Amino acid sequence: EDITIEENSYFEKYTIRLAEEVGDFDGQTFSTGYRVVVKDGKLENVSLKNGTHYSFNEDVDISTDGKKLTVVIPTTYSENFAYLNPLDSTELIILAAKKDNPYDHTVTIDPGHGGADVGANYGDLYEKNVNLKIAQFMNMGLIYEGKRVIMTREDDNVLHNDVEWLDVITNKANSSKSDAFVSIHINSFDKSEEPNGLSTYYYTKSHEAQAEDRVLLAETIQNNIITSDGWKDMGVKEESFEVIRDT
């Protein structure tokens, strides 16, 4: 199917399959609903003539003028989002809010490194880019589950000064009063080692009032990522990394 829908108590989620990779697209909320315009967009299986409309689920309107595909989802709420699937740029995902404030917690996601700081690498495969892809998946999933997400970066444009950039990261998390902060990194490894394990780090010193919650969050993340993907359990550890020490 070109369009599938699922929903929970926070959002309706529309997944739209397009015939080609999506270039430019834009989403805006109007009084009549949330409108997403995809430049040169075409549905994968449904052929639309110029000026014609395709109705989905009785209320979602899709139309084309030959130059762009327009999707209108009726909603009276403002918290609506349009994303590309980070691994499939022919898949457009639209989240339409089901209430005025669809969030119950705030989470800051930090895709580690960025800009001139590429992190670990294997040839042209840079840690900074993989971290960002993971963060984009987390962003979509967390918003759909009712979490307001603060991204410390959404692209590769970051400060070149490492010390200043770490301050930007911690200030974003602290000023947003996030309930949780998660920084994503991928470690390098020696050629004699097997890269098959995951670990989660936390920091409690000077955060005694949150110590129990910090450990619980780290354990919950670790247990879920090794269970769902079959990774080797490298354990939960306490380390004084600046981004978890100063948030």
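Predicted model, so just to flag it, every value in this text is computed and none were measured.

What counts as what
Residues numbered from 1 in each chain as written. Predicted model: local features only at pLDDT ≥ 70, side-chain atom pairs only at ≥ 80, totals over all residues. Heavy atoms only, no water. Pairing = 2+ DSSP bridges. Helix = DSSP H or I, 4+ residues; strand = E, 2+ residues; numbered from the N terminus. Axes fitted to C-alpha atoms, helices over the stretch in contact; angles between N-to-C directions. Contact = heavy atoms within 4.5 Å. Buried < 20%, exposed > 50% of the residue type's maximum accessible area, 1.4 Å probe, protein only. Phe/Tyr/Trp six-rings, centres within 6.5 Å; stacked < 30°, edge-to-face > 60°. Lys NZ or Arg CZ within 6 Å of the ring centre and 35° of its normal.

**Student:** Tell me about the sheet that holds strand β9 (residues 88–97), and please be specific about residues and values.
**Tutor:** Spatially, the 4 strands line up as an open sheet ordered β1-β2-β9-β8, and their pairing is antiparallel. Pairing within the sheet leaves two strands with one partner each, and these edge strands are β1 (3–7) and β8 (81–85). For this sheet, the mean inter-axis angle between neighbouring strands, taken without regard to orientation, is 20°. Bridge count between β8 and β9: 5 bridges; the pairing is antiparallel. Of the residues in β9, the one forming a bridge with Ala82 is Ile94. Sheet contacts for helix α1 (residues 127–144): β1, β2 (11–17), β8 and β9; angle to β8, the most-contacted strand, approximately 140°.

**Student:** Now, about the pairing of strand β6 (residues 60–64): what can you tell me, with residues and values included?
**Tutor:** The element β6 is largely enclosed, with a buried count of 4 among its 5 residues. Sheet analysis places β6 next to strand β7 (residues 68–73), joined by 4 bridges and oriented antiparallel. Residue pairing across strands places Thr64 opposite Leu69, the latter belonging to β7. Turn length for the β6-β7 hairpin, with the two strands adjacent in sequence and antiparallel, is 3 residues, and the turn residue Gly66 shows positive phi of about 95°.

**Student:** Before we move on, could you go through the packing of aromatic side chains and cite the residues and values that matter?
**Tutor:** Tallied over the full model, the rule gives 4 aromatic pairs. Centre to centre, the rings of Phe11 and Tyr103 are 6.4 Å apart; their planes meet at 55°, and the pair counts as tilted. Taken together, the residues Phe11 in strand β2 and Tyr103 in the loop between β9 and β10 (105–111) connect sequence positions 92 residues apart. Side by side, Phe11 and Tyr103 carry an identical accessibility label, which is buried. Ring centres of Tyr201 and Phe241 lie 5.2 Å apart, and the angle between their planes is 75°; on these two criteria the pair is classed as edge-to-face. Of the two residues, Tyr201 sits in strand β15 (residues 197–202) while Phe241 sits in the loop between β16 (232–238) and α4 (242–245), which places them 40 residues apart along the sequence. A residue is classified by how much of its surface remains accessible, and Phe241, at 40% relative accessible area, is partly exposed. Linked through ring pairs, Phe11, Phe81, Tyr83 and Tyr103 together constitute an aromatic cluster. Over the aromatic face of Tyr144 sits the side chain of Lys13, whose NZ or CZ is 5.4 Å from the ring centroid.

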